[in-house]
Amino acid sequence: MNASGRNIGLLYGFLAAFLWGTHSVIVRYLAGDMGGLQIAALRLYVAALAIFLILRLMNVPVSFNLKDRYFWLTVVATVVNYIFFHIGLEHTGAANAMVLENTAPFFVLVFLFFFARSSVRPRDILATVIAITGVFLTVYQDFEGAGERRFGDALEIAAGLSWAVFLFASSKAMRASNSTGERLNFLFGIFAFSALLLTPL
């Protein structure tokens, strides 16, 4: 990869990290006027539309592999994650949500060890501890934990667990794909089907 491509990759990575890192605060702000599940479905529709437009620009036809078990596992994990995350935000603070949902890397290591029979290296554990500690140190001054917030905190931990399932299942599916178009179609299908399932709620 040349220097230009690497810089573009770093820019996209920074933008993704920035948007992901601020979404808890943004959603918490919006939740005052909209229900948590309404926001969840709206976010998924926006994500699906964005990926659909990218597919059209790339001239890649839309297709789903509905026989892929990892596809459906990822859809279920996405729906469950969004339900827990957004309802949890109605009962706890954005700082709590940010820390507790980011326990997902820990659960990923558990899945890899117990279900994928993969070896977990010491550096994997160290990286996970550093990541979770970094998030906590960023927001610990605003961290709250009493009364109703404990219920919200429990939901956010469940959101972290379901997000780990999403990461685990989508990783399996991505490894079986052969092109960027396939990967984008996989994500488009995940977001579109998840949005449809959340809409009646």
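See the structure printed just above.
Residues numbered from 1 in each chain as written. Predicted model: local features only at pLDDT ≥ 70, side-chain atom pairs only at ≥ 80, totals over all residues. Heavy atoms only, no water.

### Quick look at the side chain of Thr 92
Rules: Think of it this way: any DSSP run of H or I at least four residues long counts as a helix, any run of E at least two long counts as a strand, and we number them from the N terminus. Two N or O atoms form a polar contact when they lie within 3.5 Å of each other; inside protein one atom must be a possible hydrogen donor and the other a possible acceptor, and for residues adjacent in sequence the pair counts only when both atoms belong to side chains.
With respect to the element layout, Thr 92 can be found in the loop between α3 (69-89) and α4 (94-101). Side chain to side chain, Thr 92 and Asp 153 meet in a polar contact 2.7 Å long.

### Some thoughts on the packing of α3 against helix α8 (residues 180-198)
Applicable threshold: Convention adopted: a line fitted to C-alpha atoms gives each axis, helices being fitted over their contacting stretch, and angles between N-to-C directions are expressed from 0 to 180 degrees. Every angle not falling under 35 degrees, over 145, or within 65 to 115 is termed oblique; those three ranges are roughly parallel, roughly antiparallel and roughly perpendicular. By convention, the crossing between two helices is left-handed when the near helix turns anticlockwise from the far helix through less than a right angle, and right-handed when the turn is clockwise. Here, residues are in contact when the closest pair of their heavy atoms is within 4.5 Å. When residues are sorted by character, Ala, Val, Leu, Ile, Met, Phe, Trp, Tyr, Cys and Pro go into the nonpolar class, Asp, Glu, Lys and Arg into the charged class, and all the rest, Gly among them, into the polar class.
At a minimum axis distance of 9 Å, the contact between α3 and α8 shows a crossing angle of 50°. Taken together, the axes of α3 and α8 are oblique relative to one another. Note that α3 runs across α8; the crossing there is right-handed. For the pair formed by α3 and α8, the contact residues are Tyr 70, Phe 71, Trp 72, Thr 74, Val 75, Thr 78, Val 79, Tyr 82 and Ile 83 on the first element and Phe 186, Gly 189, Ile 190, Phe 193, Ser 194, Leu 197 and Leu 198 on the second. Class assignment of the residues belonging to the contact of α3 with α8 gives a composition of 12 nonpolar, 4 polar and no charged.

### So, α3
Convention followed: An expected span of 1.5 Å times one less than the residue number is assigned to each helix. Burial classes follow relative accessibility: with a 1.4 Å probe on protein chains only, a residue under 20% of its type's maximum area counts as buried, one over 50% as exposed, and anything between as partly exposed.
The terminal C-alpha atoms of α3, which comprises 21 residues, lie 30 Å apart, in line with the 30 Å expected from a rise of 1.5 Å per residue. Taken as a whole, α3 has its buried residues at Phe 71, Thr 74, Val 75, Ala 77, Thr 78, Val 79, Asn 81, Tyr 82, Phe 85, His 86, Gly 88 and Leu 89. Sitting at the head of α3, Asp 68 places a side-chain oxygen 3.0 Å from the backbone nitrogen of Tyr 70.

### Digging into the environment of Leu 187
Residue placement: Leu 187 occurs in helix α8. Leu 187 sits in the partly exposed class, given a relative accessible area of 22%. Separated by 136 residues in the primary sequence, Leu 187 and Ile 51 have C-alpha atoms spaced 7.7 Å apart. If we ignore the near neighbours within four places in the chain, the residues touching Leu 187 are Ile 51 and Met 174.

### What about α8?
For α8, which comprises 19 residues, the first-to-last C-alpha distance of 27 Å matches the rise-based estimate of 27 Å (1.5 Å per residue) to within 8%. Restricting attention to buried positions, one finds in α8 the residues Gly 181, Leu 184, Asn 185, Phe 186, Phe 188, Gly 189, Ile 190, Phe 191, Ala 192, Ser 194, Ala 195 and Leu 198.

### As for the nonpolar core
Applied cut-off: Nonpolar core, defined: a set of buried Ala, Val, Leu, Ile, Met, Phe, Trp, Tyr and Cys residues in which side-chain atoms within 4.5 Å join the residues together.
Judged by nonpolar contacts, the single largest core of 29 residues is most densely connected at Leu 44, Ile 51, Leu 55, Ile 190, Phe 191 and Leu 198. Residue assignment for this core shows that the elements contributing at least two residues are α2 (36-57), α3, α5 (104-114), α7 (148-176) and α8. Ranked by residue count, the leading element in this core is α8, at 8 residues. The contacts of Phe 191, once residues within four sequence positions are left out, are Leu 44, Ala 47, Ala 48 and Ile 51.

### Some thoughts on the packing of α3 against α4
As a packed pair, α3 and α4 sit with axes 9 Å apart at the nearest point and diverge in direction by 150°. As judged from the angle between their axes, α3 and α4 are roughly antiparallel. Our pair here, α3 against α4, has a crossing hand that is right-handed. In contact with Asn 81, Phe 85 and Leu 89 of α3, α4 contributes Ala 94, Ala 97 and Glu 101. The residue inventory of the contact of α3 with α4, partitioned by class, reads 4 nonpolar, 1 polar and 1 charged.

### Re the packing of aromatic side chains
Definition in use: A pair of aromatic rings is counted whenever rings of Phe, Tyr or Trp (Trp by its six-membered ring) have centres within 6.5 Å, and the orientation is called stacked for planes under 30 degrees apart, edge-to-face for over 60 and tilted otherwise.
Here the structure, examined in full by the defined rule, presents 9 aromatic pairs. Between the aromatic rings of Phe 64 and Phe 193, the centroid separation amounts to 5.5 Å while the plane-to-plane angle is 80°, which identifies the pairing as edge-to-face. With Phe 64 in the loop between α2 and α3 and Phe 193 in helix α8, this pair connects stretches of sequence that are 129 residues apart. The class for Phe 64 is partly exposed, based on a relative accessible area of 34%. Between the aromatic rings of Phe 71 and Phe 193, the centroid separation amounts to 5.7 Å while the plane-to-plane angle is 90°, which identifies the pairing as edge-to-face. With a gap of 122 residues between them, Phe 71 in helix α3 and Phe 193 in helix α8 connect regions that are remote in the sequence. Residue Phe 71 is classed as buried on the basis of its relative accessible area, which comes to 2%. Under the relative-accessibility criterion, Phe 193 is labelled partly exposed at 24%.

Purely spatial values, then, with no claim about function.
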